[in-house]
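Architecture at a glance
So you can see what is in the structure, the chains are spelled out below.
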Amino acid sequence: MNPLRAVKGMNDILPEEVARWQRLEATYRETVRRYGFREIRTPYLEPTSLFVRTIGEATDVVEKEMYSFTHRDEQLTLRPEATASAARAYVEHQVHGKEPISKWWYLGPMFRAERPQRGRYRQFYQAGAEIFGDPGPGCDAELVDLLVTFFHALGIRDLDVLVNSIGGPETRAAYRTALVAHLTPQKDGLSADSQRRLETNPLRILDSKDPRDREAIEGAPSLSDFLTDADREHFASLQRYLTALGTPFRIEPRLVRGLDYYTRTLFEIQGAKEKLGAGSTLVGGGRYDGMIAELGGPNVPAVGFASGVERLLIATEAAEEAPALDAYVAPLGAAAIEHALVLGRDLRAAGIAVEVDARGGSLKSQLRRASALRCAVALVLGDAEIAGGVVQAKALAEHAQENVARDGVVAWVRARVDGAKAGASAPRAGDGGAT
Ligand code: HAM
């Protein structure tokens, strides 16, 4: 019998990895709290039509990537993203009647049947946020600022912020006509996907990486020439605000993104290509001013983003040098175990994360484990130490050791641990998160 395995593209997150996830989640929670967002949790299953209507029929997500099925008489889909779900919830609960502006965040699994590779999975997690009720562009700039703050707090500094404006529906309709007129004479030279898209969703051709398409796109009319005066003013203000916030950004006129619901502001933040490869887009977002009305609600503007958590974890791999545990207590011999247990409890009461090794192995094997757990200090307790009322205290990174009086050992460890944290580059959950 073949052993059972997880579904392709869907990963287990084992206990040794969960700590990194939790640190990232805590940093995200703390960041969004400071920007005034509240958490929303929506179901993982939604009516299929929700995504077809909002994301758009001729997008990769709806055409090829959704996990959809019929259950009894209902057409259901495992959510490929959470923006449409948040908008549905906003309309369904008539939130616009309760408050003028709603700022929501979420963190959870999304499902897309894509070809799995590093940074691209079929079940993946997004940390996202949506703002309903503010036409921008002040809040658009603030979302980008929030993201840069969050990434810096995670220790990710190699960032490329791309922004663009694609205007409203009229702008896009006029541009679409011009783009089709430019590409149609070259249709036979386009990739098969783009030939099809020329009819269904020509803007997506701008996104294509295929060299045949890239050539045809050269010299295509630019969307920015089609923006209305109001769109232009909106985009100019966004740039002014980002500059005032000190956020470096680049205008990318070819940025269109793969979901149909966007209007005006679009942005993406790319991380280091060498590390992330094909999955270098850490976050995508933008404005979707038409969605609430499309779902039967009032005319409420909206903007948001979603960031791939696995990609952030890949980007933080090297930045994370903070110790996982603070202190390791190593008793030598059976009589020392009870003293070790009490010492462990005293340290924990002072807020220090401690492993007490009550298995009683050799000193060498215990110190090896202390290093594997990246403890800042190891505390050795043998018969001689107990008789002398001291603890043999080792600062592992400095390879230094001294005997410390038992009643001074908690303060000694506290000082070492604080020193180790101050030297670490990435913030840790519980340290106050983002700064
Ligand atoms: P998206 O560009 O489809 O936008 O996805 C946002 C981010 O989710 C990507 O930049 C990437 O980091 C991550 N991501 C997407 N697909 C995968 C995958 N298969 N595996 C791993 N990570 C992935 C949205 O989802 C919009 N809802 C964003 C938004 C919110 N726009 C307005 N509000």
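Refer to the structure printed above.
What this report covers is the structure whose coordinates are included nearby. (Residues numbered from 1 in each chain as written. Predicted model: local features only at pLDDT ≥ 70, side-chain atom pairs only at ≥ 80, totals over all residues. Heavy atoms only, no water.)

**Observations concerning the nonpolar core**
One broad rule of soluble globular proteins: the nonpolar side chains tend to lie buried together. The biggest cluster of nonpolar side chains holds 87 residues, and the ones touching the most others in it are Tyr28, Phe37, Trp104, Phe132, Phe151, Phe305 and Leu312. Counting residues per element, this core draws most heavily on helix H5 (residues 138-153), which supplies 9 residues. When residues no more than four places from it in sequence are discounted, the contact partners of Trp104 are Phe37, Arg38, Ile40, Ala86, Ala89, Tyr90, Val95, Glu99, Gly128, Ala129, Glu130 and Phe132. Counting 21 residues, the second-largest nonpolar core is a separate cluster that includes Ala327, Val329, Ala340 and Val409. (Core = buried A, V, L, I, M, F, W, Y, C linked by side-chain atoms within 4.5 Å. Buried < 20%, exposed > 50% of the residue type's maximum accessible area, 1.4 Å probe, protein only. Helix = DSSP H or I, 4+ residues; strand = E, 2+ residues; numbered from the N terminus. Contact = heavy atoms within 4.5 Å.)

**Details of the sheet that holds strand E8 (residues 250-251)**
In space, the 8 strands of this open sheet follow the order E1-E5-E6-E11-E10-E9-E7-E8, with mixed pairing throughout. Each of the sheet's edge strands pairs with one partner strand only, and the pair in question is strand E1 (38-39) and E8. Of the strand pairs in this sheet, strand E7 (residues 160-165) and E8 are connected by 2 bridges, and their pairing is parallel. Paired with Val163 across the strands is Ile251, a residue of E8. Of the strands in this sheet, strand E5 (102-111), strand E6 (123-132), E7, strand E9 (263-270), strand E10 (281-287) and strand E11 (302-308) touch H5, which is tilted by about 20 degrees from E11. (Pairing = 2+ DSSP bridges. Axes fitted to C-alpha atoms, helices over the stretch in contact; angles between N-to-C directions.)

**Section: the sheet that holds strand E4 (residues 74-78)**
Read across the sheet, 3 strands follow the order E2-E4-E3 without closing on themselves; strand pairing throughout is antiparallel. The open sheet has two free edges, formed respectively by strand E2 (45-47) and strand E3 (67-71), since each of these has just one partner strand. Going from strand to strand, the sheet's axes swing by 35 degrees on average, the running direction of each strand aside. One ladder, built from 5 bridges, connects E3 with E4; its direction is antiparallel. By the bridge assignment, Ser68 is partnered in E4 with Thr77.

**Side note on the site of the ligand**
Close to the ligand lie 26 residues; Glu81, Thr83, Glu114, Glu130 and Tyr262 are nearest. Between the ligand and Gly308, the relevant distance is 3.1 Å, taken from an oxygen atom to a main-chain nitrogen or oxygen of the residue. When the free accessible area of the ligand is taken as 670 Å², the share hidden by the protein chains comes to 95%. Looking at the shell around the ligand, the elements that each hand over two or more residues are E6, E10 and E11. With 6 residues, the top contributor of residues to the shell around the ligand is E10. For the shell around the ligand, the residue count by class is 10 nonpolar, 9 polar and 7 charged. (Near = heavy atom within 4 Å. Polar contact = N/O pair within 3.5 Å; in protein donor to acceptor, adjacent residues only side chain to side chain. Areas by Shrake-Rupley, 256 points an atom, 1.4 Å probe, with all protein chains shown as cover. Nonpolar A, V, L, I, M, F, W, Y, C, P; charged D, E, K, R; others polar.)

**Considering the environment of Phe235**
Note that Phe235 resides in helix H9 (residues 229-244). Look at Phe235 and you get buried, because its relative accessible area is 10%. If we ignore the near neighbours within four places in the chain, the residues touching Phe235 are Val163, Asn164, Ser165 and Ile251.

**Some details on the pairing of strand E14 (residues 377-381)**
Along E14, 5 of the 5 residues are buried, which leaves the element largely enclosed by surrounding structure. Residues of E14 alternate between two faces, with Val377, Leu379 and Leu381 on one and Ala378 and Val380 on the opposite face, all of them buried. Pairing geometry for strand E12 (residues 327-331) and E14, over 5 bridges, is parallel. For Ala330, the partnering residue across the bridge sits in E14 and is Val380. Looking at chain direction, E14 and strand E15 (residues 390-395) are connected through 4 bridges and run antiparallel. Considered in E15, the bridge of Val377 is made with Ala395.

All quantities given are derived from atomic positions and should not be read as evidence of function.
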